[in-house]
Amino acid sequence: MRVSSKPFIVYVPGYEDNIGASFVVNELFWMPYMVFNLLPSQISSVRLENLQDSSSSFIINCGKKELLLSDLKKDISGWDTSKVKRYLTYYTAIPFESWAFDLSDNEKNSIEAGIPQYRITVKQSDGKEIILRVWERLNSVNESRMKDSDRVWAKTNQRDEIFIMRYFDLDPILKKRGYFFKD
């Protein structure tokens, strides 16, 4: 938008409240709510670290002509190539629900100081890296803290703000290493 020398009035017939209150100036509200939006051809490697069950963690390296699956130490054989290729397609659309602007600084620091459940590192073919950290979200119910079974806290290395993700959106990429083997 360009700066205008003429002021203007916004009016919606039948709407009595201040219409200007509906316009948010924070630039994060105007950006796409996407964590990952990558084609498989744009992915060089994926590293999923399950910090609560390290035996489920894995790394997928995407070479020019071959894929490699490994645990965090050595290459693994016997996995299904089609399952790995399908898994890489899940990174084309991983959104998040909303920004967590209502958190106080103490709450943000407390979340970030905790050990995340997952750390997902995606290296792109152009050398950029997206690191997603996911923490368990607790809700206050009747003066007690209960685990939220629908949502988590998350943060990437691209922004300083914490956001809220639904398990529904995150679940396709939260696979265990055993997923890649034939049934």
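Every value quoted in this text rests on a predicted model; they were computed, and no experiment measured them.

(A) Geometry of the pattern of salt bridges. For the structure shown, the criterion picks out 10 salt bridges. Between Lys 74 and Asp 71 there is a salt bridge, and its shortest N-O distance comes to 3.4 Å. What makes Asp 71 buried here is its relative accessible area of 13%. Here Glu 97 makes a salt bridge to Arg 151, at a shortest N to O gap of 2.6 Å. One end of the pair, Glu 97, is in the loop between strand E5 (94-95) and strand E6 (98-99); the other, Arg 151, is in strand E9 (residues 144-156), with 54 residues separating them in the sequence. Since its relative accessible area comes to 23%, Arg 151 is described here as partly exposed. Taken together, the shared-partner salt bridges in this structure form one network comprising Arg 47, Glu 49 and Arg 119.

(B) How the structure looks around the pairing of strand E4 (residues 67-70). Direction of pairing for strand E3 (residues 58-62) relative to E4: antiparallel, over a ladder of four bridges. From the neighbouring strand, Asn 61 faces E4, where its bridge partner is Leu 68. The turn linking E3 back onto E4 is made up of four residues.

(C) The arrangement of helix H1 (residues 81-89) in detail. Every buried residue of H1 is listed here: Lys 83, Val 84, Tyr 87 and Leu 88. Along the axis of H1, the buried positions cluster into a sector of 140°, meaning they face one direction only. Those residues of H1 that are buried lie in contact with strand E2 (43-50), E3 and E4.

(D) Local environment of the packing of aromatic side chains. In the structure shown here, the tally under the stated rule is 13 aromatic pairs. Over the ring of Tyr 179 we find Lys 83, and its NZ or CZ is 5.7 Å from the ring centre. Its end group placed over the ring of Tyr 179, Lys 175 keeps NZ or CZ at 4.9 Å from the ring centre.

(E) Representation of the side chain of Asn 50 within the structure. Looking at the element boundaries, Asn 50 is found in strand E2. Of note is the side chain of Asn 50, whose polar atom sits 3.1 Å from the backbone nitrogen of Gln 52.

(F) Quick look at the environment of Leu 174. Summarising the element assignment, Leu 174 is placed in the segment after helix H3 (167-170). Along the primary structure Leu 174 and Tyr 87 are separated by 87 residues, whereas in three dimensions their C-alpha atoms are 9.8 Å apart.

(G) View of the nonpolar core. Counting residues in each nonpolar core, the largest one holds 34 residues, and the members touching the most others are Phe 36, Ile 60, Tyr 87, Tyr 91, Ile 120, Leu 132 and Met 165. When neighbours within four sequence positions are excluded, Ile 120 is seen to be in contact with Phe 36, Arg 47, Leu 48, Tyr 91, Ile 130, Ile 131, Leu 132, Ile 173 and Leu 174. Formed by seven residues, the second largest nonpolar core is a distinct cluster that contains Ala 100, Leu 103, Trp 135 and Ile 164.

(H) How the structure looks around the pairing of E3. Extensive coverage of E3 is indicated by the burial of four of its five residues. Where E2 meets E3, four bridges bridge the pair, whose relative direction is antiparallel. If you follow Val 46 over to E3, its bridge partner there is Ile 60.

(I) Seen up close, the side chain of Asp 148. Looking at the element boundaries, Asp 148 is found in strand E9. Residue contacts for Asp 148: discarding those within four places in its chain leaves Arg 137, Leu 138, Asn 139 and Tyr 167.

About the cut-offs
Residues numbered from 1 in each chain as written. Predicted model: local features only at pLDDT ≥ 70, side-chain atom pairs only at ≥ 80, totals over all residues. Heavy atoms only, no water. Salt bridge = Lys/Arg side-chain N within 4 Å of Asp/Glu carboxyl O. Buried < 20%, exposed > 50% of the residue type's maximum accessible area, 1.4 Å probe, protein only. Helix = DSSP H or I, 4+ residues; strand = E, 2+ residues; numbered from the N terminus. Pairing = 2+ DSSP bridges. Arc of directions from axis to C-beta. Contact = heavy atoms within 4.5 Å. Phe/Tyr/Trp six-rings, centres within 6.5 Å; stacked < 30°, edge-to-face > 60°. Lys NZ or Arg CZ within 6 Å of the ring centre and 35° of its normal. Polar contact = N/O pair within 3.5 Å; in protein donor to acceptor, adjacent residues only side chain to side chain. Core = buried A, V, L, I, M, F, W, Y, C linked by side-chain atoms within 4.5 Å.

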